[in-house]
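# A closer look at the structure
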Amino acid sequence: MTSLDSILAGKYPAKAHARRVAERLEACGHGRHGIIYLEAQKTRLIEDNDEAMPFRQRRPFFYLSGCPLPDSYLIYNIGADKLTLFIPPIDPEDVIWSGLPMSVTEALRLYDVDQVLHTPEVNATLAAIASDGEGKSVAFAIEGQISEGTKFHGFLKTNTSVLKGVIEDTRVVKDMYEVALLRKANDISAKAHIAAIKASKAATNEREIEAAFIATCIANGGRDQAYHPIVACGQNGATLHYGRNDDGLADPVTKQRKSSVLIDAGAEYRTYCADITRVFPLGGKFTLESQQIYNIVLQMQTETIAMLKEGVQWEDVHAHAHRVAIKGLLGLGILRGSEDELFDKRISVAFFPHGLGHYLGMDTHDTGGNPNYADKDTMFKYLRVRGRLPAGSVITVEPGIYFCRFIIAPFLESPETNKYIDTEVLEKYWSVGGVRIEDNVHVTQHGYENLTTAPKAIEEVEVLAS
Ligand code: GLY
Ligand code: MN
Ligand code: MN
């Protein structure tokens, strides 16, 4: 068994998460008593249909239970440090279709909780806790995530405004088990990226590349995608969240294969996400222009990953990526002027319009980043994480350079900015579309661990694509 498998053979540390959330509630001035009440996502039917909608577990519930079952509930008695999970009982009407549900014994074996009961016992348990003395304290729950039938009788009050935010902030720092889950999602996704690049050789449409990616994830244990895959050939790569994934790989008129493909895709493994972007040439050899841009983006990524460690200011890392982009684009002659002037005038935003990365965890764009989308500074407006990175956080590092006419046009039209861009040189680069390289990095006290193993060196990617 690898060390990764042996960590994951243990239980998801739900009890430790419940304690950390309670500590943070206390640190926010809410005392050390009361209960945390959470509900799983319900089974929901598709409108006008008797099929269930695709199920996605509620993250706050999973964080404190490790339980993927729908229609379940959780109570953490803070004062007594007791975690109780409530799972659905046998519904004889349903057994014929779905088989027997998970038993209480099995749930106790699988999940890191102190007690497992059936869901009809939620209200009696709440009443017992209230009459046991905790009733003089608060029931913390999440607004909009409380079933009509749940009764908090006997509690001093119900607070539905703080718990969600407290859990979201607690989730920023990952423990060893969560990092292992993220690594596993990355390992599966690395296999899928390799399979997708290889599949491009015989493919005629973006769809076939996407199919190879998803099939490989499922075959390796990643049944769900962390987000809709982006498979973008040629100029489609200039659209950051392109999602059509159904374009032909050859130009319909010239029949020439497009230069490259950008895949931004990652598996979800037990609710934890990978978020990886790779770019590879169709036919095995990057065009000169694609290779030049690829090298700049790789340099942006290498230098910014090297800056990572506990306490680094994320805005500084993002700004450094812009400086590397500016130097690279000056070197190619696409930009002109001095590095500082181009930086101060925010000209590189025309080519690198998004933030360098975001926290990653149970959500692809994970919680706790405190973005400021109202920022008037175009360089930082879309940065999904602001401030210093704590040890234990996991963040994506995803610089990119894009040749998107819609975004670059205003810079070319304005006399304030068009002097900085050489349109003649730029003309050669539209066909590159976009290059983004995205890895998932665990921030540590003295540095970082890159969790992403998918190949990205030009030579490796070219070999896989030929
Ligand atoms: N895959 C979405 C992103 O990279 O943010
Ligand atoms: Mn990302
Ligand atoms: Mn991505």
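Residues numbered from 1 in each chain as written. Chains lettered and ligands numbered in written order. Predicted model: local features only at pLDDT ≥ 70, side-chain atom pairs only at ≥ 80, totals over all residues. Heavy atoms only, no water.

### Focus: the pairing of strand β2 (residues 73-77)
Taking burial as the measure, the 5 residues of β2 include 5 buried ones, the bulk of the element. Side chains of β2 alternate between two faces, with Tyr 73, Ile 75 and Asn 77 and Leu 74 and Tyr 76 buried alike. Sheet topology places strand β1 (residues 35-39) next to β2; 5 bridges connect them, and they run antiparallel. Across the sheet, residue Leu 38 finds its bridge partner in β2, namely Leu 74. When β2 meets strand β3 (residues 82-87), the two strands line up antiparallel, connected through 5 bridges. Looking at the pairing, Asn 77 lines up with Lys 82 of β3. From the end of β2 to the start of β3, which pair antiparallel, there are 4 residues, and Asp 81 there has a positive phi angle of about 50°. (Buried < 20%, exposed > 50% of the residue type's maximum accessible area, 1.4 Å probe, protein only. Helix = DSSP H or I, 4+ residues; strand = E, 2+ residues; numbered from the N terminus. Pairing = 2+ DSSP bridges.)

### What to know about the packing of helix α2 (residues 14-30) against helix α7 (residues 163-170)
In the contact formed by α2 and α7, the axes pass within 9 Å of each other and the chain directions differ by 115°. The handedness of the crossing between α2 and α7 is right-handed. Side by side, α2 and α7 meet where Arg 20, Val 21, Arg 24, Leu 25 and Cys 28 of the first sit next to Leu 163, Val 166, Ile 167, Asp 169 and Thr 170 of the second. The class makeup of the residues in the contact of α2 with α7 is 6 nonpolar, 1 polar and 3 charged. (Axes fitted to C-alpha atoms, helices over the stretch in contact; angles between N-to-C directions. Left-handed = near helix turned anticlockwise from the far one by under 90°. Contact = heavy atoms within 4.5 Å. Nonpolar A, V, L, I, M, F, W, Y, C, P; charged D, E, K, R; others polar.)

### Overview of empty space enclosed by the protein
Scanning all chains against the criterion turns up 1 cavity of 30 Å³ or more. Put simply, the largest cavity is a space of about 30 Å³. Across the lining of the largest cavity, the residue classes tally to 3 nonpolar, 1 polar and 3 charged. (1 Å grid on protein atoms, 1.4 Å probe; cavity = no way out; pocket = protein on both sides within 12 Å on 5 of 7 lines; lining within 4 Å. Points joined across faces, edges and corners; volume = space filled by probe spheres on them.)

### Let's talk about the coordination of the manganese ion (ligand 2)
The manganese ion (ligand 2) binds to the protein through Asp 275 (OD), His 358 (NE2), Glu 398 (OE) and Glu 438 (OE), with metal-donor distances spanning 2.0 to 2.2 Å. Viewed at the metal, the 6 donor atoms of the manganese ion (ligand 2) are separated by angles of 49 to 157°, and the geometry they form is irregular. Mapped onto the polypeptide sequence, the residues donating to the manganese ion (ligand 2) form the spacing pattern D-x82-H-x39-E-x39-E. The metal-metal distance between the manganese ion (ligand 2) and the manganese ion (ligand 3) comes to 3.3 Å, with Asp 275 coordinating both. (Donors = N, O, S within 2.8 Å, 3.2 Å for Na, K, Ca; no water. Tetrahedral: all angles 85-135°; square planar, octahedral: opposite > 155°, others 65-115°.)

### Describing the site of ligand 1
Taken together, Tyr 227, His 241, Asp 264, Asp 275, His 358, His 365, Glu 398 and Glu 438 are the residues near ligand 1. Asp 264 has a polar side-chain atom sitting 3.1 Å from a nitrogen atom of ligand 1. Note that an oxygen atom of ligand 1 is positioned 3.0 Å from one of the side-chain N or O atoms of Glu 398. Residues that form the shell around ligand 1 fall into these classes: 1 nonpolar, 3 polar and 4 charged. (Near = heavy atom within 4 Å. Polar contact = N/O pair within 3.5 Å; in protein donor to acceptor, adjacent residues only side chain to side chain.)

### Details of the sheet that holds strand β8 (residues 230-233)
Across a sheet, paired strands are connected by hydrogen bonds in the backbone, their directions being either parallel or antiparallel. Sheet architecture is open: 3 strands sit in the order β8-β9-β12, paired in antiparallel fashion. The open sheet has two edge strands, β8 and β12 (276-281), and neither has a second partner. On average, adjacent strands in this sheet sit at an angle of 10° to one another, irrespective of strand direction. By the bridge criterion, 6 bridges tie strand β9 (residues 260-265) to β12 in an arrangement that is antiparallel. From the neighbouring strand, Val 261 faces β12, where its bridge partner is Phe 280. Strands β8, β9 and β12 of the sheet are contacted by helix α9 (residues 206-219), whose axis makes an angle of about 145° with β8.

### Focus on the coordination of the manganese ion (ligand 3)
For a metal with four tetrahedral donors the ideal donor-metal-donor angle is 109.5 degrees, whereas six octahedral donors ideally subtend 90 or 180 degrees. Surrounding the manganese ion (ligand 3) are the protein donor atoms Asp 264 (OD), Asp 264 (OD), Asp 275 (OD) and Glu 438 (OE), which sit 2.1 to 2.4 Å from the metal. In primary sequence terms, the donor set of the manganese ion (ligand 3) follows D-x10-D-x162-E. Since its relative accessible area comes to 0%, Glu 438 is described here as buried.

### Focus: the environment of Val 253
Residue placement: Val 253 occurs in the loop between β8 and β9. For Val 253, a relative accessible area of 71% puts it in the exposed group. In this structure the C-alpha to C-alpha distance between Val 253 and Thr 239, which are 14 residues apart in sequence, comes to 22 Å.

### Remarks on the sheet that holds strand β16 (residues 439-443)
The 3 strands lie next to each other as β13-β16-β17, forming an open sheet whose pairing is antiparallel. Bordering the open sheet on either side are β13 (394-397) and β17 (448-450), each of which pairs with just one other strand. Strand-to-strand twist across the sheet, computed as the mean angle between neighbouring axes with direction ignored, equals 30°.

### Things to note about the nonpolar core
In a soluble, globular protein the nonpolar side chains are often hidden away together inside. Ranked by internal contacts, the top residues of the largest apolar core, which has 131 residues, are Ile 293, Trp 314, Phe 351, Ile 401 and Phe 403. By residue number, the principal contributor to this core is helix α8 (residues 176-199), which donates 11 residues. Leaving out residues up to four positions away in the same chain, Ile 293 has contacts with Leu 329, Leu 332, Ile 334, Ile 401, Phe 403, Tyr 429, Val 432 and Val 435. (Core = buried A, V, L, I, M, F, W, Y, C linked by side-chain atoms within 4.5 Å.)

### A closer look at the pattern of salt bridges
Side-chain pairs of opposite charge can arise where the charged atoms are in close proximity. By the definition in use, this model includes 27 salt bridges. We note a salt bridge from Asp 114 to Lys 15, for which the minimum N-O separation is 2.9 Å. Of the two residues, Asp 114 sits in the loop between α5 (104-110) and β4 (115-118) while Lys 15 sits in helix α2, which places them 99 residues apart along the sequence. Its relative accessible area of 40% is what places Asp 114 among the partly exposed residues. Residue Lys 15 is classed as buried on the basis of its relative accessible area of 9%. In this structure, Lys 258 and Asp 247 form a salt bridge, with 3.1 Å as the shortest nitrogen-oxygen distance. (Salt bridge = Lys/Arg side-chain N within 4 Å of Asp/Glu carboxyl O.)

Any link to function would need more than the numbers given here.
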